[in-house]
Amino acid sequence: MIQDFKLTKEDKIFILLFAGLILLYVLPMLIANCPYNDDFSRILKGNSWDDDGRLLPSIIVRFLVHSTSIFDPAPLPLIMSVPIFTFGGFMIKRLFIDVDSPYISAIIAMGFVFNPYLVRLFVYQLDSIGLSLSLVLLIIPFTLAASESSKKKISYYAKCILCIFLSMNSYQASLGFFMSLAVIELVHSVYKNQFNGIFKTLLSRVIQLVVAFTAYKLFLKLFFIANIARRAVNAKTLNFSDDSISAFFDNCQRMISAIFDSLSQQQTIILAVLLIISILFVVNLYKKNITAANISTSSKTALLLIVLAPLIIFAFSFVHMAFLKGSSRIMLQVLTSFSGLTAFLLLVPSWAIKNKKILCWLIVPVMLSAYGFSYIAGNLVKIEYDFQQPTISSIVSEINDTLPDNRTRLYYSGHLPRSNYFKRIIKIFPMVSELDTNTPWGFKYRLPYLGCALAKENYQDIDLKPLKTKIDTATLPIINSSYYYNLYKYNSDLLLIFK
(Lines give C-alpha, C1' and ligand atoms only; values in the text may rest on other atoms or scores of the structure.)
Protein backbone atom coordinates (compact mmCIF):
# COMPACT_ATOMS: atom_id res chain seq x y z
CA MET A 1 0.00 0.00 0.00
CA ILE A 2 1.12 3.53 -0.71
CA GLN A 3 1.49 5.52 2.47
CA ASP A 4 3.95 8.17 1.38
CA PHE A 5 3.61 10.20 -1.82
CA LYS A 6 6.83 12.15 -1.29
CA LEU A 7 8.35 12.65 -4.72
CA THR A 8 11.88 11.54 -5.47
CA LYS A 9 13.95 12.76 -8.41
CA GLU A 10 13.04 9.58 -10.30
CA ASP A 11 9.35 10.18 -9.56
CA LYS A 12 9.54 13.67 -11.03
CA ILE A 13 11.23 12.34 -14.18
CA PHE A 14 8.58 9.65 -14.42
CA ILE A 15 5.71 12.16 -14.07
CA LEU A 16 7.10 14.51 -16.73
CA LEU A 17 7.82 11.65 -19.12
CA PHE A 18 4.47 9.95 -18.55
CA ALA A 19 2.57 13.21 -19.05
CA GLY A 20 4.52 13.76 -22.28
CA LEU A 21 3.71 10.24 -23.50
CA ILE A 22 0.00 10.72 -22.74
CA LEU A 23 -0.03 14.09 -24.49
CA LEU A 24 1.57 12.54 -27.58
CA TYR A 25 -0.94 9.69 -27.41
CA VAL A 26 -4.00 11.99 -27.54
CA LEU A 27 -2.35 14.55 -29.83
CA PRO A 28 -4.11 13.35 -33.03
CA MET A 29 -7.51 13.93 -31.37
CA LEU A 30 -6.34 17.38 -30.24
CA ILE A 31 -5.18 18.22 -33.76
CA ALA A 32 -8.37 16.93 -35.38
CA ASN A 33 -10.52 18.97 -32.97
CA CYS A 34 -13.71 17.76 -34.71
CA PRO A 35 -17.04 17.40 -32.91
CA TYR A 36 -18.31 13.85 -33.26
CA ASN A 37 -21.96 12.67 -32.98
CA ASP A 38 -22.67 13.06 -29.23
CA ASP A 39 -20.57 16.23 -29.26
CA PHE A 40 -22.90 17.83 -31.82
CA SER A 41 -25.90 16.82 -29.72
CA ARG A 42 -24.44 18.30 -26.55
CA ILE A 43 -23.32 21.50 -28.26
CA LEU A 44 -26.65 22.19 -29.99
CA LYS A 45 -29.13 20.93 -27.38
CA GLY A 46 -27.10 21.58 -24.25
CA ASN A 47 -27.46 17.94 -23.22
CA SER A 48 -25.22 16.83 -20.37
CA TRP A 49 -24.32 13.32 -19.20
CA ASP A 50 -27.06 13.41 -16.54
CA ASP A 51 -29.38 11.24 -18.60
CA ASP A 52 -26.74 8.49 -18.64
CA GLY A 53 -26.26 8.70 -14.87
CA ARG A 54 -22.77 10.18 -15.30
CA LEU A 55 -23.18 13.20 -13.08
CA LEU A 56 -19.53 13.94 -12.28
CA PRO A 57 -18.46 14.93 -15.82
CA SER A 58 -21.69 16.93 -16.11
CA ILE A 59 -20.76 18.96 -13.04
CA ILE A 60 -17.18 19.50 -14.22
CA VAL A 61 -18.12 20.61 -17.74
CA ARG A 62 -20.86 22.88 -16.40
CA PHE A 63 -18.21 24.53 -14.25
CA LEU A 64 -15.91 24.93 -17.26
CA VAL A 65 -18.60 26.56 -19.43
CA HIS A 66 -20.00 28.83 -16.66
CA SER A 67 -23.51 27.48 -17.17
CA THR A 68 -26.05 24.86 -16.14
CA SER A 69 -26.29 23.96 -19.83
CA ILE A 70 -23.52 22.36 -21.88
CA PHE A 71 -21.49 24.32 -24.40
CA ASP A 72 -18.26 23.43 -26.22
CA PRO A 73 -15.02 23.86 -24.23
CA ALA A 74 -13.09 21.45 -26.50
CA PRO A 75 -10.27 20.54 -26.56
CA LEU A 76 -9.98 21.44 -22.85
CA PRO A 77 -11.60 18.16 -21.60
CA LEU A 78 -9.02 16.09 -23.50
CA ILE A 79 -6.18 18.31 -22.27
CA MET A 80 -7.43 17.93 -18.69
CA SER A 81 -7.39 14.14 -19.08
CA VAL A 82 -3.58 14.27 -19.44
CA PRO A 83 -2.85 15.19 -15.78
CA ILE A 84 -5.64 12.85 -14.62
CA PHE A 85 -4.10 9.91 -16.48
CA THR A 86 -0.66 10.99 -15.27
CA PHE A 87 -1.83 10.73 -11.66
CA GLY A 88 -3.19 7.28 -12.45
CA GLY A 89 0.09 6.24 -14.06
CA PHE A 90 2.05 7.43 -11.04
CA MET A 91 -0.16 5.32 -8.74
CA ILE A 92 0.34 2.27 -10.99
CA LYS A 93 4.10 2.82 -10.79
CA ARG A 94 4.11 3.07 -6.99
CA LEU A 95 1.82 0.07 -6.61
CA PHE A 96 3.05 -2.49 -9.10
CA ILE A 97 6.26 -1.48 -10.91
CA ASP A 98 9.64 -2.38 -9.46
CA VAL A 99 11.83 -1.30 -12.39
CA ASP A 100 14.17 1.45 -11.17
CA SER A 101 14.38 3.22 -14.53
CA PRO A 102 11.71 5.98 -14.74
CA TYR A 103 11.85 5.77 -18.53
CA ILE A 104 10.98 2.07 -18.70
CA SER A 105 8.48 2.49 -15.85
CA ALA A 106 6.65 5.23 -17.76
CA ILE A 107 6.14 2.94 -20.75
CA ILE A 108 4.95 0.05 -18.59
CA ALA A 109 2.54 2.29 -16.64
CA MET A 110 0.99 3.38 -19.94
CA GLY A 111 -0.55 -0.09 -20.14
CA PHE A 112 -3.90 0.99 -18.72
CA VAL A 113 -4.16 3.81 -21.29
CA PHE A 114 -3.02 1.69 -24.27
CA ASN A 115 -6.45 0.05 -24.40
CA PRO A 116 -7.38 0.35 -28.12
CA TYR A 117 -11.07 0.65 -27.23
CA LEU A 118 -10.24 3.68 -25.11
CA VAL A 119 -8.82 5.34 -28.22
CA ARG A 120 -12.15 4.63 -29.88
CA LEU A 121 -13.79 6.79 -27.20
CA PHE A 122 -11.21 9.61 -27.25
CA VAL A 123 -12.75 10.86 -30.51
CA TYR A 124 -15.62 12.26 -28.45
CA GLN A 125 -14.32 15.73 -27.71
CA LEU A 126 -16.23 16.24 -24.48
CA ASP A 127 -16.16 12.74 -22.95
CA SER A 128 -12.47 12.56 -22.06
CA ILE A 129 -12.83 13.86 -18.51
CA GLY A 130 -15.42 11.26 -17.59
CA LEU A 131 -13.42 8.45 -19.19
CA SER A 132 -10.14 9.34 -17.50
CA LEU A 133 -11.75 9.92 -14.10
CA SER A 134 -13.66 6.64 -14.25
CA LEU A 135 -10.42 4.65 -14.60
CA VAL A 136 -8.15 6.68 -12.32
CA LEU A 137 -10.70 6.82 -9.48
CA LEU A 138 -10.71 3.01 -9.45
CA ILE A 139 -6.94 2.94 -8.88
CA ILE A 140 -7.07 5.14 -5.76
CA PRO A 141 -8.55 2.48 -3.38
CA PHE A 142 -5.48 0.32 -4.00
CA THR A 143 -3.22 3.12 -2.75
CA LEU A 144 -5.03 3.49 0.57
CA ALA A 145 -3.66 1.72 3.61
CA ALA A 146 -6.06 -0.52 5.52
CA SER A 147 -6.04 -0.42 9.31
CA GLU A 148 -7.08 -2.75 12.12
CA SER A 149 -8.49 0.19 14.09
CA SER A 150 -12.30 0.22 13.88
CA LYS A 151 -12.57 3.95 13.20
CA LYS A 152 -9.79 3.92 10.63
CA LYS A 153 -11.23 0.79 9.02
CA ILE A 154 -14.59 2.51 8.55
CA SER A 155 -12.82 5.53 7.08
CA TYR A 156 -10.79 3.27 4.78
CA TYR A 157 -13.86 1.47 3.43
CA ALA A 158 -15.76 4.75 3.07
CA LYS A 159 -12.97 6.25 0.96
CA CYS A 160 -12.70 3.15 -1.24
CA ILE A 161 -16.46 2.95 -1.76
CA LEU A 162 -16.65 6.68 -2.51
CA CYS A 163 -13.99 6.35 -5.24
CA ILE A 164 -15.88 3.48 -6.90
CA PHE A 165 -19.17 5.37 -6.54
CA LEU A 166 -17.67 8.48 -8.18
CA SER A 167 -16.18 6.31 -10.93
CA MET A 168 -19.65 4.96 -11.71
CA ASN A 169 -20.86 8.55 -11.82
CA SER A 170 -18.18 9.16 -14.47
CA TYR A 171 -18.50 6.12 -16.76
CA GLN A 172 -20.20 2.95 -15.55
CA ALA A 173 -18.62 0.61 -18.11
CA SER A 174 -15.20 1.02 -16.44
CA LEU A 175 -16.38 -0.95 -13.40
CA GLY A 176 -14.67 -4.19 -14.49
CA PHE A 177 -11.31 -2.38 -14.29
CA PHE A 178 -11.60 -2.41 -10.50
CA MET A 179 -11.77 -6.19 -10.25
CA SER A 180 -8.99 -6.50 -12.83
CA LEU A 181 -6.83 -4.39 -10.50
CA ALA A 182 -7.87 -6.64 -7.59
CA VAL A 183 -6.56 -9.68 -9.50
CA ILE A 184 -3.39 -7.78 -10.44
CA GLU A 185 -2.95 -6.92 -6.76
CA LEU A 186 -3.31 -10.62 -5.89
CA VAL A 187 -0.72 -11.71 -8.48
CA HIS A 188 1.67 -8.95 -7.40
CA SER A 189 1.37 -10.01 -3.75
CA VAL A 190 2.30 -13.57 -4.72
CA TYR A 191 5.19 -12.21 -6.82
CA LYS A 192 6.45 -10.30 -3.75
CA ASN A 193 5.88 -13.34 -1.48
CA GLN A 194 3.39 -11.36 0.61
CA PHE A 195 0.84 -14.00 1.60
CA ASN A 196 -0.34 -12.49 4.87
CA GLY A 197 -4.01 -11.48 4.54
CA ILE A 198 -4.00 -12.08 0.79
CA PHE A 199 -7.52 -13.59 0.68
CA LYS A 200 -8.83 -11.03 3.14
CA THR A 201 -7.65 -8.25 0.83
CA LEU A 202 -9.33 -9.86 -2.18
CA LEU A 203 -12.58 -10.28 -0.24
CA SER A 204 -12.29 -6.66 0.85
CA ARG A 205 -12.16 -5.57 -2.80
CA VAL A 206 -15.28 -7.58 -3.61
CA ILE A 207 -17.14 -6.04 -0.66
CA GLN A 208 -16.09 -2.54 -1.69
CA LEU A 209 -17.35 -3.13 -5.21
CA VAL A 210 -20.68 -4.63 -4.14
CA VAL A 211 -21.40 -1.88 -1.59
CA ALA A 212 -20.42 0.90 -4.04
CA PHE A 213 -22.56 -0.64 -6.81
CA THR A 214 -25.52 -0.96 -4.42
CA ALA A 215 -25.04 2.63 -3.25
CA TYR A 216 -25.03 3.84 -6.85
CA LYS A 217 -28.21 1.92 -7.70
CA LEU A 218 -29.93 3.35 -4.59
CA PHE A 219 -28.63 6.79 -5.51
CA LEU A 220 -30.35 6.50 -8.89
CA LYS A 221 -33.65 5.80 -7.13
CA LEU A 222 -33.67 9.19 -5.40
CA PHE A 223 -36.58 11.02 -7.03
CA PHE A 224 -34.57 14.09 -8.02
CA ILE A 225 -31.85 11.89 -9.53
CA ALA A 226 -34.21 9.38 -11.19
CA ASN A 227 -35.89 12.25 -13.06
CA ILE A 228 -32.67 13.27 -14.79
CA ALA A 229 -30.72 9.98 -15.01
CA ARG A 230 -33.43 8.23 -17.01
CA ARG A 231 -31.27 5.96 -19.16
CA ALA A 232 -29.24 4.75 -16.20
CA VAL A 233 -32.41 4.16 -14.14
CA ASN A 234 -34.04 2.20 -16.96
CA ALA A 235 -31.00 -0.03 -17.56
CA LYS A 236 -31.96 -3.55 -16.48
CA THR A 237 -29.80 -6.51 -15.57
CA LEU A 238 -30.63 -10.14 -16.26
CA ASN A 239 -32.76 -11.99 -13.72
CA PHE A 240 -31.74 -15.29 -12.12
CA SER A 241 -33.44 -17.86 -14.34
CA ASP A 242 -32.51 -20.56 -16.84
CA ASP A 243 -33.27 -18.23 -19.75
CA SER A 244 -31.20 -15.43 -18.20
CA ILE A 245 -28.21 -17.72 -17.64
CA SER A 246 -28.43 -18.78 -21.29
CA ALA A 247 -28.70 -15.11 -22.34
CA PHE A 248 -25.69 -14.22 -20.18
CA PHE A 249 -23.45 -16.87 -21.74
CA ASP A 250 -24.73 -15.92 -25.19
CA ASN A 251 -23.82 -12.28 -24.50
CA CYS A 252 -20.36 -13.35 -23.32
CA GLN A 253 -19.81 -15.45 -26.43
CA ARG A 254 -20.90 -12.61 -28.70
CA MET A 255 -18.67 -10.14 -26.86
CA ILE A 256 -15.60 -12.40 -27.04
CA SER A 257 -16.19 -13.01 -30.74
CA ALA A 258 -16.67 -9.29 -31.38
CA ILE A 259 -13.44 -8.43 -29.52
CA PHE A 260 -11.29 -10.82 -31.55
CA ASP A 261 -13.00 -9.85 -34.81
CA SER A 262 -12.45 -6.14 -34.14
CA LEU A 263 -8.66 -6.20 -33.72
CA SER A 264 -6.14 -5.84 -36.50
CA GLN A 265 -3.83 -8.75 -37.25
CA GLN A 266 -0.91 -6.92 -35.63
CA GLN A 267 -2.93 -6.05 -32.52
CA THR A 268 -4.00 -9.69 -32.22
CA ILE A 269 -0.40 -10.92 -32.54
CA ILE A 270 0.91 -8.43 -29.96
CA LEU A 271 -1.84 -9.22 -27.47
CA ALA A 272 -1.37 -12.96 -28.05
CA VAL A 273 2.40 -12.75 -27.41
CA LEU A 274 1.89 -10.73 -24.24
CA LEU A 275 -0.89 -13.07 -23.12
CA ILE A 276 1.33 -16.14 -23.60
CA ILE A 277 4.10 -14.44 -21.59
CA SER A 278 1.63 -13.67 -18.82
CA ILE A 279 0.31 -17.24 -18.72
CA LEU A 280 3.84 -18.68 -18.57
CA PHE A 281 4.67 -16.18 -15.84
CA VAL A 282 1.73 -17.00 -13.56
CA VAL A 283 2.28 -20.75 -13.98
CA ASN A 284 5.96 -20.36 -13.08
CA LEU A 285 5.02 -18.00 -10.25
CA TYR A 286 2.77 -20.65 -8.75
CA LYS A 287 5.46 -23.31 -8.96
CA LYS A 288 8.21 -21.06 -7.62
CA ASN A 289 6.55 -18.92 -4.95
CA ILE A 290 3.37 -20.67 -3.83
CA THR A 291 4.55 -24.27 -3.66
CA ALA A 292 7.52 -23.15 -1.55
CA ALA A 293 5.48 -20.79 0.63
CA ASN A 294 4.86 -21.52 4.30
CA ILE A 295 1.07 -21.53 3.97
CA SER A 296 -1.65 -24.17 4.36
CA THR A 297 -2.48 -26.69 1.67
CA SER A 298 -5.95 -25.21 1.31
CA SER A 299 -4.42 -21.77 0.68
CA LYS A 300 -2.10 -23.21 -1.94
CA THR A 301 -5.10 -24.84 -3.61
CA ALA A 302 -7.09 -21.60 -3.51
CA LEU A 303 -4.14 -19.70 -4.97
CA LEU A 304 -4.40 -21.82 -8.11
CA LEU A 305 -6.60 -18.84 -9.01
CA ILE A 306 -3.53 -16.91 -10.12
CA VAL A 307 -2.84 -19.47 -12.89
CA LEU A 308 -6.12 -18.30 -14.45
CA ALA A 309 -5.39 -14.61 -13.76
CA PRO A 310 -4.89 -13.55 -17.42
CA LEU A 311 -8.18 -15.14 -18.47
CA ILE A 312 -10.03 -13.80 -15.43
CA ILE A 313 -8.79 -10.27 -16.11
CA PHE A 314 -9.83 -10.63 -19.76
CA ALA A 315 -13.29 -11.71 -18.58
CA PHE A 316 -13.59 -8.60 -16.39
CA SER A 317 -13.15 -6.54 -19.56
CA PHE A 318 -16.67 -7.37 -20.67
CA VAL A 319 -18.48 -9.67 -18.24
CA HIS A 320 -20.30 -6.86 -16.42
CA MET A 321 -21.74 -5.73 -19.76
CA ALA A 322 -23.04 -9.25 -20.44
CA PHE A 323 -25.38 -8.91 -17.43
CA LEU A 324 -27.31 -6.12 -19.15
CA LYS A 325 -30.74 -7.00 -20.47
CA GLY A 326 -32.06 -6.14 -23.91
CA SER A 327 -28.81 -5.18 -25.61
CA SER A 328 -29.52 -5.47 -29.32
CA ARG A 329 -25.90 -5.21 -30.47
CA ILE A 330 -22.41 -5.41 -29.11
CA MET A 331 -21.01 -1.96 -28.28
CA LEU A 332 -17.24 -2.33 -28.45
CA GLN A 333 -16.61 1.31 -27.60
CA VAL A 334 -17.76 0.74 -24.00
CA LEU A 335 -14.82 -1.60 -23.28
CA THR A 336 -12.91 0.83 -21.08
CA SER A 337 -12.45 -2.10 -18.67
CA PHE A 338 -10.20 -3.71 -21.29
CA SER A 339 -7.63 -1.37 -19.73
CA GLY A 340 -7.27 -3.95 -16.96
CA LEU A 341 -5.98 -6.53 -19.42
CA THR A 342 -3.63 -4.15 -21.25
CA ALA A 343 -2.28 -2.94 -17.89
CA PHE A 344 -1.64 -6.52 -16.75
CA LEU A 345 -0.01 -7.55 -20.02
CA LEU A 346 2.55 -4.75 -19.73
CA LEU A 347 3.11 -5.22 -15.99
CA VAL A 348 3.96 -8.92 -16.30
CA PRO A 349 7.11 -8.38 -18.44
CA SER A 350 8.38 -5.92 -15.83
CA TRP A 351 8.02 -8.67 -13.20
CA ALA A 352 9.29 -11.54 -15.35
CA ILE A 353 12.18 -9.96 -17.29
CA LYS A 354 15.04 -8.54 -15.22
CA ASN A 355 17.27 -7.63 -18.15
CA LYS A 356 16.38 -4.05 -19.08
CA LYS A 357 17.57 -4.36 -22.68
CA ILE A 358 15.37 -7.39 -23.33
CA LEU A 359 12.49 -5.65 -21.56
CA CYS A 360 12.89 -2.59 -23.80
CA TRP A 361 13.04 -4.75 -26.93
CA LEU A 362 9.65 -6.15 -25.92
CA ILE A 363 7.71 -3.13 -24.66
CA VAL A 364 8.93 -0.38 -27.01
CA PRO A 365 7.47 -2.02 -30.16
CA VAL A 366 4.21 -2.52 -28.24
CA MET A 367 4.16 1.18 -27.38
CA LEU A 368 4.93 2.27 -30.94
CA SER A 369 2.21 -0.01 -32.29
CA ALA A 370 -0.31 1.51 -29.88
CA TYR A 371 0.74 5.02 -30.92
CA GLY A 372 0.30 4.05 -34.56
CA PHE A 373 -3.29 3.00 -33.96
CA SER A 374 -4.00 6.17 -31.96
CA TYR A 375 -2.79 8.39 -34.78
CA ILE A 376 -4.70 6.42 -37.40
CA ALA A 377 -7.92 6.74 -35.35
CA GLY A 378 -7.46 10.48 -34.82
CA ASN A 379 -6.55 11.14 -38.45
CA LEU A 380 -9.46 9.01 -39.64
CA VAL A 381 -11.98 11.16 -37.77
CA LYS A 382 -10.47 14.30 -39.29
CA ILE A 383 -10.40 12.84 -42.81
CA GLU A 384 -14.03 11.70 -42.56
CA TYR A 385 -15.07 15.09 -41.20
CA ASP A 386 -13.34 16.90 -44.08
CA PHE A 387 -14.70 14.41 -46.63
CA GLN A 388 -18.34 14.80 -45.53
CA GLN A 389 -18.22 18.53 -44.92
CA PRO A 390 -18.68 19.67 -48.57
CA THR A 391 -21.68 17.36 -48.95
CA ILE A 392 -23.34 18.67 -45.80
CA SER A 393 -22.51 22.28 -46.72
CA SER A 394 -24.08 21.74 -50.15
CA ILE A 395 -27.24 20.29 -48.59
CA VAL A 396 -27.45 23.20 -46.13
CA SER A 397 -27.11 25.72 -48.97
CA GLU A 398 -29.80 24.01 -51.05
CA ILE A 399 -32.21 23.76 -48.12
CA ASN A 400 -31.71 27.42 -47.22
CA ASP A 401 -32.32 28.41 -50.86
CA THR A 402 -35.85 26.97 -50.57
CA LEU A 403 -36.59 29.68 -47.96
CA PRO A 404 -37.97 27.31 -45.31
CA ASP A 405 -40.10 28.57 -42.42
CA ASN A 406 -40.41 27.32 -38.84
CA ARG A 407 -42.84 24.57 -39.89
CA THR A 408 -40.77 23.15 -42.74
CA ARG A 409 -39.58 19.62 -42.02
CA LEU A 410 -36.76 17.60 -43.53
CA TYR A 411 -37.41 13.88 -43.99
CA TYR A 412 -34.27 11.91 -44.76
CA SER A 413 -33.23 8.34 -45.47
CA GLY A 414 -29.88 6.57 -45.73
CA HIS A 415 -26.39 7.35 -44.50
CA LEU A 416 -23.79 9.95 -45.32
CA PRO A 417 -21.12 8.71 -47.75
CA ARG A 418 -17.85 7.37 -46.39
CA SER A 419 -14.47 8.07 -47.91
CA ASN A 420 -12.45 5.43 -49.74
CA TYR A 421 -9.80 5.92 -47.06
CA PHE A 422 -12.30 4.83 -44.40
CA LYS A 423 -13.21 1.76 -46.43
CA ARG A 424 -9.51 0.87 -46.70
CA ILE A 425 -8.90 1.35 -42.98
CA ILE A 426 -11.73 -0.90 -41.77
CA LYS A 427 -10.21 -3.82 -43.69
CA ILE A 428 -7.14 -3.56 -41.44
CA PHE A 429 -8.85 -2.23 -38.29
CA PRO A 430 -12.41 -3.66 -38.13
CA MET A 431 -12.76 -1.89 -34.78
CA VAL A 432 -13.14 1.50 -36.44
CA SER A 433 -16.14 0.35 -38.49
CA GLU A 434 -18.06 1.27 -35.32
CA LEU A 435 -16.99 4.89 -35.86
CA ASP A 436 -20.43 5.83 -37.16
CA THR A 437 -19.44 9.25 -38.52
CA ASN A 438 -22.07 8.77 -41.23
CA THR A 439 -24.94 7.84 -38.93
CA PRO A 440 -28.31 9.55 -39.60
CA TRP A 441 -28.91 10.72 -36.04
CA GLY A 442 -25.53 12.45 -36.01
CA PHE A 443 -26.31 14.00 -39.39
CA LYS A 444 -29.41 15.77 -38.08
CA TYR A 445 -27.22 17.72 -35.63
CA ARG A 446 -24.55 18.52 -38.19
CA LEU A 447 -27.02 20.37 -40.43
CA PRO A 448 -27.99 23.08 -37.90
CA TYR A 449 -24.37 23.16 -36.72
CA LEU A 450 -23.42 24.34 -40.23
CA GLY A 451 -26.18 26.89 -40.48
CA CYS A 452 -29.24 25.06 -41.81
CA ALA A 453 -32.30 27.34 -41.42
CA LEU A 454 -34.63 24.52 -40.36
CA ALA A 455 -35.55 24.37 -36.69
CA LYS A 456 -33.45 21.70 -34.98
CA GLU A 457 -36.53 19.70 -33.98
CA ASN A 458 -37.84 19.51 -37.59
CA TYR A 459 -35.74 16.55 -38.77
CA GLN A 460 -37.06 13.00 -39.14
CA ASP A 461 -35.21 9.83 -40.07
CA ILE A 462 -37.84 7.90 -42.07
CA ASP A 463 -35.81 4.69 -41.87
CA LEU A 464 -36.10 4.84 -38.09
CA LYS A 465 -39.58 6.38 -37.99
CA PRO A 466 -41.36 5.60 -41.31
CA LEU A 467 -44.02 7.86 -42.73
CA LYS A 468 -47.63 6.65 -42.76
CA THR A 469 -47.93 7.14 -46.51
CA LYS A 470 -45.56 5.65 -49.06
CA ILE A 471 -43.53 8.18 -51.02
CA ASP A 472 -43.13 7.89 -54.78
CA THR A 473 -40.01 9.94 -55.47
CA ALA A 474 -40.62 9.74 -59.22
CA THR A 475 -43.57 12.12 -58.82
CA LEU A 476 -41.78 14.61 -56.56
CA PRO A 477 -40.17 17.83 -57.83
CA ILE A 478 -36.40 17.43 -57.50
CA ILE A 479 -34.42 20.32 -56.08
CA ASN A 480 -30.99 18.83 -56.67
CA SER A 481 -29.46 15.53 -57.71
CA SER A 482 -25.83 14.79 -56.92
CA TYR A 483 -23.55 11.78 -56.84
CA TYR A 484 -24.32 11.17 -53.17
CA TYR A 485 -27.91 12.32 -52.64
CA ASN A 486 -31.20 13.61 -54.08
CA LEU A 487 -33.13 16.46 -52.51
CA TYR A 488 -36.87 16.65 -53.28
CA LYS A 489 -39.72 19.01 -52.60
CA TYR A 490 -42.29 17.01 -50.59
CA ASN A 491 -45.54 19.00 -50.24
CA SER A 492 -44.50 21.97 -48.09
CA ASP A 493 -41.55 20.01 -46.71
CA LEU A 494 -38.30 18.49 -48.02
CA LEU A 495 -37.12 14.94 -48.62
CA LEU A 496 -33.43 13.98 -48.66
CA ILE A 497 -32.40 10.55 -49.95
CA PHE A 498 -28.78 9.45 -49.69
CA LYS A 499 -27.78 7.06 -52.49
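Residues numbered from 1 in each chain as written. Predicted model: local features only at pLDDT ≥ 70, side-chain atom pairs only at ≥ 80, totals over all residues. Heavy atoms only, no water.

## Considerations on the overall build of the protein
Of regular secondary structure, the protein possesses 21 helices and five strands. Since a compact globule built from 499 residues should have a radius of gyration of about 23 Å, the 25 Å found for the protein is in line with a globular shape. Principal axes of the C-alpha set define a box for the protein whose edges measure 85 × 50 × 50 Å. Across the 499 residues in the protein, those meeting the buried criterion constitute 54%. (Helix = DSSP H or I, 4+ residues; strand = E, 2+ residues; numbered from the N terminus. Rg over C-alpha atoms; globule rule 2.2 N^0.38 Å. Buried < 20%, exposed > 50% of the residue type's maximum accessible area, 1.4 Å probe, protein only.)

## Topic: the sheet that holds strand S2 (residues 459-461)
The sheet built from five strands is open, its strands ordered S2-S1-S5-S4-S3 with mixed pairing. Of all the strands in the sheet, just S2 and strand S3 (478-481) have a single pairing partner and so form its edges. Adjacent strand axes in the sheet meet at a mean angle of 15° when their direction is disregarded. One ladder, built from four bridges, connects strand S1 (residues 410-413) with strand S5 (residues 493-498); its direction is parallel. When the sheet's bridge partners are listed, Ser-413 is paired in S5 with Ile-497. Running at roughly 20° to strand S4 (residues 485-490), helix H19 (residues 356-401) makes contact with S1, S3, S4 and S5 of the sheet. (Pairing = 2+ DSSP bridges. Axes fitted to C-alpha atoms, helices over the stretch in contact; angles between N-to-C directions. Contact = heavy atoms within 4.5 Å.)

## Re the pairing of S4
Burial analysis of S4 places five of its six residues in the buried class, the great majority of the element. Pairing between S3 and S4: three bridges, direction antiparallel. Note that in S4 the partner of Asn-480 across the bridge is Leu-487. What sits between S4 and S5 in their antiparallel hairpin is a turn of two residues, with Asn-491 showing a positive phi close to 55°.

## Considerations on the pairing of S1
With burial as the criterion, each face of S1 is covered, one bearing Leu-410 and Tyr-412 and the other bearing Tyr-411 and Ser-413. As judged from the three bridges shared by S1 and S2, these two strands associate in the parallel manner. Bridging across to S2, Tyr-411 finds its partner in Gln-460.

## Topic: the side chain of Gln-208
Topologically, Gln-208 is positioned in helix H10 (residues 198-221). There is a polar contact of 3.4 Å between the side chain of Gln-208 and the side chain of Tyr-156. In terms of polar contacts, Gln-208 uses its side chain to reach the side chain of Ser-204, at 2.9 Å. When neighbours within four sequence positions are excluded, Gln-208 is seen to be in contact with Pro-141, Tyr-156, Tyr-157, Cys-160, Ile-161, Ile-164 and Phe-178. (Polar contact = N/O pair within 3.5 Å; in protein donor to acceptor, adjacent residues only side chain to side chain.)

## Overview of the pattern of salt bridges
With the rule as written, the count across this model stands at 13 salt bridges. Asp-11 is the salt-bridge partner of Arg-94, the closest N and O atoms lying 2.7 Å from each other. Residue Arg-94 is located in helix H4 (residues 76-96), and its partner Asp-11 is located in helix H1 (residues 9-32); the two are separated by 83 residues in the primary sequence. Judged by relative accessible area, Arg-94 falls into the partly exposed class, the value being 25%. The exposure class of Asp-11 is buried, given its relative accessible area of 3%. Between Glu-185 and Arg-205 there is a salt bridge, with the nearest N and O atoms lying 2.9 Å from each other. Of this pair, Glu-185 sits in helix H9 (residues 176-191) while Arg-205 sits in helix H10, placing them 20 residues apart in sequence. Of the two residues, Glu-185 and Arg-205, neither departs from the other in class, the shared state being buried. (Salt bridge = Lys/Arg side-chain N within 4 Å of Asp/Glu carboxyl O.)

So, to be careful, I would describe these as geometric facts and stop short of saying anything about function.
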